[in-house]
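# A closer look at the structure
Spelled out from the first residue to the last, the chains are:
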Amino acid sequence: DVKVTQSSRYLVKRTGEKVFLECVQDMDHENMFWYRQDPGLGLRLIYFSYDVKMKEKGDIPEGYSVSREKKERFSLILESASTNQTSMYLCASSLEGPVAKNIQYFGAGTRLSVL
Amino acid sequence: AQSVTQLDSQVPVFEEAPVELRCNYSSSVSVYLFWYVQYPNQGLQLLLKYLSGSTLVKGINGFEAEFNKSQTSFHLRKPSVHISDTAEYFCAVSHNTDKLIFGTGTRLQVFP
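Figured I'd write up the structure that's included with this text. Numbering of residues starts from 1 in each chain and follows the order in which that chain's sequence is written. Chain letters start at A and ligand numbers start at 1, both assigned in the order the entries are written. Per-residue local features of the predicted model are confined to residues with pLDDT of at least 70, and side-chain atom pairs are confined, for both listing and counting, to 80 or more; whole-chain, interface and lining totals are unaffected and use all residues. Derived side-chain values reflect all non-hydrogen atoms in the structure, with water molecules and hydrogen atoms excluded from consideration.

## Digging into the overall build of chain A
- For chain A, the count of helices and strands is zero helices and eleven strands.
- Helix and strand definitions here come from DSSP, where helices need a minimum of 4 consecutive H or I residues and strands a minimum of 2 consecutive E residues; each element is numbered from the N-terminal end. Along chain A, helices and strands appear, N-terminal first, in the series β-β-β-β-β-β-β-β-β-β-β.
- For the exposure calls, accessible area comes from a 1.4 Å probe over protein chains only, and a residue counts as buried if that area is under 20% of its type's maximum, exposed if over 50%, partly exposed in between. Expressed as a percentage of its 115 residues, the buried residues of chain A come to 49%.
- Considering only residue pairs separated by 6 or more positions, chain A has 56% of its internal contacts joining residues 24 or more positions apart.
- In these tables, accessible area is a Shrake-Rupley quantity obtained with a 1.4 Å probe, and a residue counts as shielded only by the protein chains included in the view. Surface exposure of chain A reaches about 5600 Å², of which carbon and sulfur atoms provide 50%.
- A distance of 5 Å separates the average location of the 16 positive side-chain charges in chain A from that of its 15 negative side-chain charges. Only heavy atoms matter for contacts: two residues are in contact if any of them lie within 4.5 Å across the pair. We score Asp and Glu as negative and Lys and Arg as positive, and we do not count His or the chain ends. One atom stands in for each charge, and that atom is NZ of Lys, CZ of Arg, CG of Asp or CD of Glu.

## Some remarks on the state of the cysteines
- Note on terminology: pairs of cysteine sulfur atoms within 2.5 Å are recorded as disulfides. If you walk through the whole model with that rule in mind, you get two disulfides over all chains.
- Across the disulfide from C23 of chain A sits C91 of chain A; the S-S distance is 1.9 Å. For the disulfide bridge between C23 of chain A and C91 of chain A, the dihedral angle about the S-S bond is near -75°, and by the sign convention the bridge is left-handed. Here C23 of chain A, found in strand 3 (residues 19-25), pairs with C91 of chain A, found in strand 9 (residues 87-94); they are 68 residues apart in sequence, far enough to count as distant.
- For C23 of chain A, a relative accessible area of 0% translates into the label buried.
- Under the relative-accessibility criterion, C91 of chain A is labelled buried at 0%.
- One disulfide bridge connects C23 of chain B with C91 of chain B, the sulfur atoms lying 1.9 Å from each other.

## Some points on the packing of aromatic side chains
- Put simply, two rings from Phe, Tyr or Trp (the six-membered ring, in Trp's case) pair if the centres are within 6.5 Å, and we call them stacked under 30 degrees between planes, edge-to-face over 60, tilted for the rest. Going through the model one piece at a time under the given rule, you end up with twelve aromatic pairs over all chains.
- With centroids separated by 6.2 Å and ring planes inclined at 25°, the aromatic side chains of F33 of chain A and Y35 of chain A adopt a geometry described as stacked.
- Overall, F33 of chain A belongs to the buried group, its relative accessible area being 1%.
- Look at Y35 of chain A and you get buried, because its relative accessible area is 1%.
- Feature note: the residues F33, Y35, F48 and F106 of chain A together with F34, Y36 and F102 of chain B constitute an aromatic cluster, connected by ring pairs.
- Counting as a charge over the ring demands two things of the Lys NZ or Arg CZ atom: a distance within 6 Å of the ring centre and an angle within 35 degrees of the ring normal. The aromatic ring of Y10 of chain A is capped on one face by R9 of chain A, whose charged end is 5.8 Å from the ring centroid.

## Overview of the pairing of strand 10 (residues 87-94) of chain B
All names here are of chain B.
- Most of strand 10 sits inside the fold, with eight of its eight residues counted as buried.
- Burial along strand 10 is two-sided: A87, Y89, C91 and V93 facing one way and E88, F90, A92 and S94 facing the other are all buried.
- Direction of pairing for strand 5 (residues 32-38) relative to strand 10: antiparallel, over a ladder of seven bridges. Along strand 10, the bridge assignment pairs Q38 with E88.
- Pairs of strands are assigned from DSSP output, requiring at least two bridges between the strands. Across three bridges, the pairing between strand 10 and strand 12 (residues 106-111) is antiparallel. From the neighbouring strand, E88 faces strand 12, where its bridge partner is R107.
- When strand 10 meets strand 11 (residues 101-102), the two strands line up antiparallel, connected through two bridges. Its bridge partner being in strand 11, V93 is matched across the sheet by I101.

Shown next as structure tokens:
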């Protein structure tokens, strides 16, 4: 079974703080993704990575950055957290190859509150 | 640009009743279609997918979906739901791009 683990289930931070969300997958997947989930908006792609040290912007990259130093780990960074970044963050991974066709496996999510 | 529309934000239904969750997409070219389910306090998991071939796709937990190219729809159906089917369901579409486009989700609430 593929396992995608997000380090924190709940996180509370103050505005202006630097925030790190960590994600680890154990199936040697090449592709990894960070999504944001908001009620009424569904999932929106923030960033994705198709290889170590490679990254591509998704639909809403503003205010976020990512890091992928090892294949199994993909970190989402909020350089200076703001209240409008309060959300559920989902990490996913998939096999090498066309993202369009491959199944994505999701972590349980990190619910971030920025106060 | 591709888009996905899930017209129903919430669908209440009694146990053992049939259910249909609607999904329409906008694309003039061939697409790949997915339904994912999110149970409470969990991440998303794949229910079923359509890549090519038969337009009727069967998934896990007794769900199925039919790809209708002329109506650009991919509705999800189950003939008899259980309490355990209570969850949020997301339709997603992709073309030959690097991303999935998700719909806004439909919350299925099954009552005893």
